[in-house]
Amino acid sequence: MAEFIVFAGSANPALAAAVVQALGVQAGTAQVERFPDGESSVKVLESVRGKDVYLLQPTCPPVNDNVMELLVFADACRRAAARRIHAIVPYYGYARSDKRHGRREAITASMVALLMRAAGIDHVVTLDLHTDQVEGFFPGPFDTLTAVPPLCEALAPRLAADAVVVSPDAGRVKLATQYATRLDRPLAVLHKRRDSGTRTEVTHLVGDVEGRPCLIIDDLISTGGTLVESVAALREAGAAGFLVCATHGLLLRNAVDRLADAGVERLFVTDTVPPCDDRRGIVQVVSVAPLLAHALRQLTQDRSLQELF
Ligand code: R5P
């Protein structure tokens, strides 16, 4: 077993603190700064020579700053002769830019993966990735863990016996099926058309929701637009009551207010990204720190992660 060291970037200090505490180690010391002009600067303050380095940094908003800080951190460790660099990226920003919708668009998820590799990252660990193909953009080991089991544990006591699990679009059917199977509830699927980065429209519903409470699941909530549209479509189809669950609760702008105003009673998310201001008291945060600590324990001993997928 190689000596290892865990460093926390500045994106989610609370999660990093919980992970190292659960692991029973001290985080490595580093000076992480933004210069007045916005440039990122990282100085690693202890030796990483010959060690396995774990950099914990979700690339959540401000996405560009957090991506850049991760790259700078990796470069600092690589130049200081780290043995292997593992990026623990609980939320993988840019994962939604995984294909071109026209001829003149970037595939930013691929570009970010290649930048990570160029900066010296050997291995990436993430959680509930938006699409599986993003794994293939990184030319090295890539492990995607899932927060579905801990989220289902939190959901189970709040879920009515006749509830239906709903996928808000075709892309989430696989994830929704995992929830439906674990929670032993039927599945319904909405079909959505995306008009822009912030506007979507639900066009079809497959499944029976009349008179039943719905649990709408997603990988991430950004502006809340997808879920507000989903609630409206399900209400029109006669659904009675709404819970929402997503691994990554970015909850930007007034997303929580929009969801509460739309009639969402409770919103389950994890702490892959820092918590939002829950003025409406509807957000329940499930920590992924135990899951990440478990994964790190396995990795530091070169053991399989199979039990965590
Ligand atoms: C889309 O395919 C994703 O899975 C999410 O549904 C979407 O990106 C969430 O964004 P928003 O909350 O802004 O609708």
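J.: I'd love a proper account of the overall build of the chain, names of residues and values included.
T.: Looking only at helices and strands, the chain has 9 helices and 14 strands in total. Against the compact-globule benchmark of 19 Å for 309 residues, the chain has a radius of gyration of 20 Å, which places it among compact chains. Viewed in the frame of its principal axes, the chain has a C-alpha envelope of about 60 × 45 × 35 Å. Classification of the 309 residues of the chain by burial places 51% in the buried group. Looking at the chain alone, contacts between residues at least 24 apart form 64% of all its contacts between residues at least 6 apart. When the accessible surface of the chain is totalled, it reaches about 13,900 Å², and 50% of it is carbon and sulfur.

J.: Provide a residue-level description of the sheet that holds strand β10 (residues 200–206), including the pertinent values.
T.: Here 7 strands make up an open sheet; going across it, the order is β10-β9-β8-β11-β12-β13-β14 and the pairing mixed. The open sheet terminates on both sides in strands that have one partner only, identified here as β10 and β14 (283–286). With strand direction ignored, the average angle separating the axes of adjacent strands in the sheet is 25°. Both strand β8 (residues 164–167) and strand β11 (residues 214–221) contribute to a ladder of 3 bridges, which runs parallel.

J.: Now, about the site of the ligand: what can you tell me, with residues and values included?
T.: In the region of the ligand, 15 residues are neighbours, and Arg96, Asp218, Asp219, Thr223 and Thr226 sit closest. Between Arg172 and the ligand, the recorded distance is 3.5 Å, taken from a side-chain N or O atom to an oxygen atom. The separation between an oxygen atom of the ligand and a polar main-chain atom of Gly224 is 2.8 Å. Contact with the protein chains removes 93% of the 370 Å² of surface that the ligand exposes when unbound. The cavity that encloses the ligand is the largest pocket. Sorting the residues of the shell around the ligand by element identifies β9 (187–194), β11 and α7 (225–236) as the ones contributing at least two each. At 4 residues, β11 tops the list of elements feeding residues into the shell around the ligand.

J.: I'd like a rundown of unusual backbone geometry, residues and numbers included.
T.: That bond from Pro61 to Pro62 is cis: its omega, -5°, falls within 30 degrees of zero. Along the chain, Pro62 falls in the loop between β4 (52–56) and α2 (63–79). Positive phi is not limited to glycine here, since Tyr94 has a value of about 75°. Secondary-structure assignment places Tyr94 in the loop between β5 (84–89) and α3 (108–118). Backbone geometry places Asp302, a non-glycine residue, at a positive phi of 55°. Looking at the secondary structure, you find Asp302 in the segment after α9 (289–300).

J.: Explain the side chain of Thr108 to me, using residue names and the numbers behind them.
T.: By the secondary structure assignment, Thr108 is in helix α3. Exposure remark for Thr108: the relative accessible area of 13% places this residue in the buried category. Apart from residues no more than four positions distant in its own chain, Thr108 is found in contact with Tyr94 and Ser97.

Conventions adopted
- Residues numbered from 1 in each chain as written.
- Predicted model: local features only at pLDDT ≥ 70, side-chain atom pairs only at ≥ 80, totals over all residues.
- Heavy atoms only, no water.
- Helix = DSSP H or I, 4+ residues; strand = E, 2+ residues; numbered from the N terminus.
- Rg over C-alpha atoms; globule rule 2.2 N^0.38 Å.
- Buried < 20%, exposed > 50% of the residue type's maximum accessible area, 1.4 Å probe, protein only.
- Contact = heavy atoms within 4.5 Å.
- Areas by Shrake-Rupley, 256 points an atom, 1.4 Å probe, with all protein chains shown as cover.
- Pairing = 2+ DSSP bridges.
- Axes fitted to C-alpha atoms, helices over the stretch in contact; angles between N-to-C directions.
- Near = heavy atom within 4 Å.
- Polar contact = N/O pair within 3.5 Å; in protein donor to acceptor, adjacent residues only side chain to side chain.
- 1 Å grid on protein atoms, 1.4 Å probe; cavity = no way out; pocket = protein on both sides within 12 Å on 5 of 7 lines; lining within 4 Å.
- Sits in = over half its atoms within 2 Å of the grid points.

Remember that the coordinates give geometry; whether it matters functionally is a separate question.
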